[in-house]
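The primary structure of each chain is shown beneath.
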Amino acid sequence: MRVMGVDPGLTRCGLGAVEGRPGAPLSLVKVGVVRTPADDEIGARLVAIEAGIEQWLDEIRPDAVAVERVFAQHNLRTVMGTAQASAVAILCASRRGLPVALHTPSEVKAAITGSGTADKQQVGTMVTRLLRLDAMPKPADAADALALAICHVWRGGAQSRLAEAAAKAASGSGTTPAAYFRGRGRAGYPRGTAK
């Protein structure tokens, strides 16, 4: 599975792609950032981010895109810029029909380091180790994008397979998985049948 991670931001939008599967070594595909000048108009900055992400999608051809879920911060201006850049990434991937997953910062930190409160240095160190790199990706936005991609390979891949299996089961039986199990006892047998 090839996943492109996006650490959204207006000044620096981190991008990173990895390839692998759960339980197997991961490999780096590409890492970098899309930068926009802080004194440019917001529209021009979003267009530049879109162009950068589109170029990456053309080159990388990922199977899925993982974007950091925007969370409330004290600085409203920062969170607005992050949300706008995040929306651009989601739009670019969705336009191509790619699955998009949103992962919270604490979810990513927990997946990469084992602690949801890890700092950027700890995340960067683990990304460097997991991808067997000679040096930590710079800036931190680039390392964070790789962490998002790794998190999705490890967590999102399994979630996607479960959702696909549930959808297949539902389409084959004409019922949803929830409806299927509602009519069954704890062991999964139809109610009233011998076990």
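### So, the overall build of the chain
Stage number 1. Each helix and strand in the chain was counted, giving 6 helices and 5 strands.
Stage number 2. Across the chain, helices and strands are ordered from the amino to the carboxyl terminus as β-β-β-α-β-α-β-α-α-α-α.
Stage number 3. For the chain, buried positions account for 38% of its 195 residues.
Stage number 4. Partitioning the contacts of the chain with sequence separation of at least 6, the portion at a separation of at least 24 is 61%.
Stage number 5. Looking at the chain as shown, the accessible area adds up to about 10,700 Å², and 55% of this sits on carbon and sulfur atoms.

### Description of helix H4 (residues 120-130)
Stage number 1. Listing the buried residues of H4 in full gives Val123, Gly124, Val127 and Thr128. Viewed along the axis of H4, the buried residues span an arc of 135 degrees, placing them on a single side of the element.
Stage number 2. Capping the start of H4, Asp119 holds a side-chain oxygen 3.2 Å from the backbone nitrogen of Gln121, two or three residues further along.
Stage number 3. Remark: Arg132 follows H4 within two positions and exhibits a positive phi of approximately 55 degrees.

### Regarding the pairing of strand E1 (residues 2-7)
Stage number 1. Across the 6 residues that make up E1, a large majority, 5, are buried.
Stage number 2. Across 6 bridges, the pairing between E1 and strand E2 (residues 12-19) is antiparallel. The partner of Val6 across the bridge, within E2, is Leu15.
Stage number 3. Linking E1 back to E2 in an antiparallel pair, the connection comprises 4 residues.
Stage number 4. Direction of pairing for E1 relative to strand E4 (residues 64-68): parallel, over a ladder of 4 bridges. Counted as the bridge partner of Met4 is Val65 from E4.

### Considerations on the pairing of strand E5 (residues 100-103)
Stage number 1. Burial along E5 is one-sided: the face carrying Ala101 and His103 is buried and the face carrying Val100 and Leu102 is not.
Stage number 2. Of the pairings in the sheet, the one linking E4 to E5 comprises 4 bridges and is parallel in character. Across the sheet, residue Ala66 finds its bridge partner in E5, namely Ala101.

### Some thoughts on the packing of helix H1 (residues 42-60) against helix H2 (residues 76-95)
Stage number 1. Where H1 meets H2, the closest approach of the two axes is 10 Å, and the angle between their N-to-C directions is 40 degrees. For the element pair H1 / H2, the angle class is oblique. For the pair H1 and H2, the sense of crossing is right-handed. Every residue of H2 that contacts H1 at Ile42, Leu46, Ile49, Glu50, Ile53, Glu54 and Leu57 is listed here: Gln84, Ala85, Val88, Ala89, Cys92, Ala93 and Arg95.
Stage number 2. For the contact of H1 with H2, the class distribution of residues is 10 nonpolar, 1 polar and 3 charged.

### Description of the sheet that holds strand E3 (residues 27-35)
Stage number 1. Overall, mixed pairing links the 5 strands, which are arranged E3-E2-E1-E4-E5 in an open sheet. Only two strands of the sheet have a single neighbouring strand rather than two, namely E3 and E5. Strand after strand, the sheet turns through a mean of 20 degrees between neighbouring axes, direction not considered.
Stage number 2. Contacts between H2 and the sheet are confined to E1, E4 and E5, with E4 contributing the most and set at about 170 degrees to the helix.

### Some remarks on H2
Stage number 1. When the terminal C-alpha atoms of H2 are compared, their 28 Å separation across 20 residues agrees well with the 28 Å that a helix rising 1.5 Å per residue should span.
Stage number 2. Listing the buried residues of H2 in full gives Val79, Gly81, Thr82, Ala85, Ser86, Val88, Ala89, Cys92 and Ala93.
Stage number 3. On the buried face of H2, the contacting elements are E1, H1, E4 and E5.
Stage number 4. Looking one or two places after H2, you find Gly97, whose phi comes out positive at around 80 degrees.

### Quick word on unusual backbone geometry
Stage number 1. Here the residue pair Lys138 and Pro139 is connected by a cis peptide bond, since its omega of -10 degrees sits within 30 degrees of zero.
Stage number 2. Even without being glycine, Arg61 reaches a positive phi, approximately 50 degrees.
Stage number 3. The exposure class of Arg61 is exposed, given its relative accessible area of 64%.
Stage number 4. Positive phi, normally seen in glycine, also occurs at Arg132, with a value near 55 degrees.
Stage number 5. Along the chain, Arg132 falls in the loop between H4 and helix H5 (140-173).
Stage number 6. Residue classification places Arg132 among the exposed positions, given a relative accessible area of 53%.

Rules used throughout
- Residues numbered from 1 in each chain as written.
- Predicted model: local features only at pLDDT ≥ 70, side-chain atom pairs only at ≥ 80, totals over all residues.
- Heavy atoms only, no water.
- Helix = DSSP H or I, 4+ residues; strand = E, 2+ residues; numbered from the N terminus.
- Buried < 20%, exposed > 50% of the residue type's maximum accessible area, 1.4 Å probe, protein only.
- Contact = heavy atoms within 4.5 Å.
- Areas by Shrake-Rupley, 256 points an atom, 1.4 Å probe, with all protein chains shown as cover.
- Arc of directions from axis to C-beta.
- Polar contact = N/O pair within 3.5 Å; in protein donor to acceptor, adjacent residues only side chain to side chain.
- Pairing = 2+ DSSP bridges.
- Axes fitted to C-alpha atoms, helices over the stretch in contact; angles between N-to-C directions.
- Parallel < 35°, antiparallel > 145°, perpendicular 65-115°, else oblique.
- Left-handed = near helix turned anticlockwise from the far one by under 90°.
- Nonpolar A, V, L, I, M, F, W, Y, C, P; charged D, E, K, R; others polar.
- Expected span 1.5 Å × (residues − 1).

Such coordinate-based values are descriptive only and should not be taken to indicate function.
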